[in-house]
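Understanding the architecture of this molecule
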Amino acid sequence: MASTCCVWLRRDLRVADHPALSAAVDRADRVVCVFCVDDRLLTGRSPSGPRTQFMLECLADVDRSLRERGSRLVVRRGLPEVEIPRLAAAVGAGEIHFTRDATPYARARGRRVTDACAAAGIRLVGHPGLLAVDDPAAVVTGSGTAYQVFTPFHRRWLAEPRRAVLDAPGDLGGPVEIDAGRIPGLSELGLSQQVSRPQVGGERAARARLDEFRSGGLGQYADGGHDRLADDGTSRLSAYLRFGCISPRQVEDGVDGSPAGGAVRRQVCWRDFYLDLLRRHPANARLEQQEARRGIAWRDAPEDLRRWQDGLTGYPLVDAGMRQLQAEGFMHNRTRMVVGSFLTKHLGIDWREGERWFMSLLLDGDPAVNNGNWQWIASVGSDPQPVGRRLLSPTRQQERFDPDGVYVRRWVPELRGLPNAYLAEPWRMPVDLGLDCGCVVGRDYPQPIVDHARARADALARYAAAGR
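Residues numbered from 1 in each chain as written. Predicted model: local features only at pLDDT ≥ 70, side-chain atom pairs only at ≥ 80, totals over all residues. Heavy atoms only, no water.

1. Describing the packing of aromatic side chains
- Taken as a whole, this structure holds 18 aromatic pairs when the rule is applied.
- Measuring from ring centre to ring centre gives 6.2 Å for Tyr 147 and Phe 153, while their planes differ by 90°; the resulting arrangement is edge-to-face.
- Every member of this aromatic cluster is reached through a ring pair, and the members are Tyr 147, Phe 150, Phe 153, Trp 270, Phe 273, Tyr 274 and Trp 376.
- The ring centre of Trp 157 lies 4.3 Å from the NZ or CZ of Arg 162, which sits over that ring.
- Here Arg 336 stacks its cationic end above the ring of Phe 330, 5.4 Å away from the centre of that ring. (Phe/Tyr/Trp six-rings, centres within 6.5 Å; stacked < 30°, edge-to-face > 60°. Lys NZ or Arg CZ within 6 Å of the ring centre and 35° of its normal.)

Here it is as structure tokens:
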């Protein structure tokens, strides 16, 4: 009788470089891959129609890859601690292989499934694959304590050994005689697509994007290309990494030997750093890591928050970033820093409001990475830098990283006719010139929501009152 193993897919939606899948293939004659649609996760704290649609496309691509290998994706909807052991029992699998995760929800869910499987006499086996390093707990100081600052973490992370990138398995032994279920539609899950121009999900799209990046933007990446807003020189791999359509090791392997390889690996390291940080400090999901800054007197300003969300602050670079988010479910990393600083420092609004809004729209919305980035720019996270260092001027950032206004004009069409001299601060433009350009500030484009100099002073006072 043929032996059977299950692979419980979560956010490792690929067949290549998949340690859990490869281990299952080595252990059994037949492999059954299952994904459990968990409504508690999809409609819980961070519901997102755009990100869920991307995930559904990833699942469809995985199913196609499995069918090419003589199998298919089994889909269940319900509680994983019920559905996963039930399926394993139904197909006669004594083992379930899965990729270890780091977020508080995923770890709690894993414990529930482990307990349920143990009660049913089924062994649950965890594998690496989420991070670039196999054992994140090994990236510690010489005294064995966890790093709280990125730069020394990065140095130690670079020295950690890497496993070899695995090929996709061949034949998986054929499908089992069981109802495979089906991938639901977005509307069935009670969600809707709010993004008009999203990336396409799936492992094939991820590989194509990596190939495109290697042949295009990679050459300029280390030389500031990833910061130049006009060129959009980022890898655009973040959503694929979020759902495991491509692994961090595949990305590292894909850029090794290139002049920009080190710069790309540094960005991969940021992801590992934030995942490890949330694993060690699960309270970060709701609280500032710096306890001294848990008493910041954030402003309750719903109208200002709405204008920030809609890209109507009167600061062109901020508005461009927020409109890109609504159109693509993505925002350039440089602009993410600018809009995050603006919300928390200029407007004095709680960073959790920004984190929540980003999670509602970002295709790459990762609980650990999004939280880590928001705590970093809000100056409440692991790296206790002076507040002023991360109090960014939208005007200066635009002049430095979008000097010709290509990015701003792309996303804020009202300003396309303005000369460069006034594009970063359109409120300084004479009214007559505005009429000639077809954009009068206060009529066609909003006045600034706040004065930069006054907002900076208020922010420094707000943080000082909270402790430092």
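2. As for helix α15 (residues 351-361)
- In terms of burial, α15 is a largely internal element, 8 of the 11 residues being buried.
- For α15, the complete set of buried residues consists of Trp 351, Arg 352, Gly 354, Glu 355, Phe 358, Met 359, Ser 360 and Leu 361.
- Close packing links the buried residues of α15 with α3 (49-68), α12 (302-310), α13 (316-328), α14 (333-346) and α16 (367-377).
- Where α15 begins, one side-chain oxygen reaches toward the backbone nitrogen of Arg 352, 3.0 Å away; that side chain belongs to Asp 350. (Buried < 20%, exposed > 50% of the residue type's maximum accessible area, 1.4 Å probe, protein only. Helix = DSSP H or I, 4+ residues; strand = E, 2+ residues; numbered from the N terminus. Contact = heavy atoms within 4.5 Å. Polar contact = N/O pair within 3.5 Å; in protein donor to acceptor, adjacent residues only side chain to side chain.)

3. Examining helix α7 (residues 203-215)
- If you check α7, its first and last C-alpha atoms are 18 Å apart, about what 13 residues at 1.5 Å a residue would give, namely 18 Å.
- Turning to α7, its buried residues are Glu 203, Ala 206, Arg 209, Leu 210 and Phe 213. For α7, the buried positions fall inside an angular range of 120° around the axis, keeping them on one side. (Expected span 1.5 Å × (residues − 1). Arc of directions from axis to C-beta.)

4. Regarding the pairing of strand β3 (residues 73-77)
- Of all 5 residues in β3, 4 are buried, a share of seventy percent or more.
- Where strand β2 (residues 30-37) lies against β3, 5 bridges are found, and the strand directions are parallel. Bridge pairing links Val 37 to Arg 77 in β3. (Pairing = 2+ DSSP bridges.)

5. With respect to the environment of Ala 421
- Here Ala 421 is to be found in helix α19 (residues 420-423).
- The exposure class of Ala 421 is exposed, given its relative accessible area of 71%.

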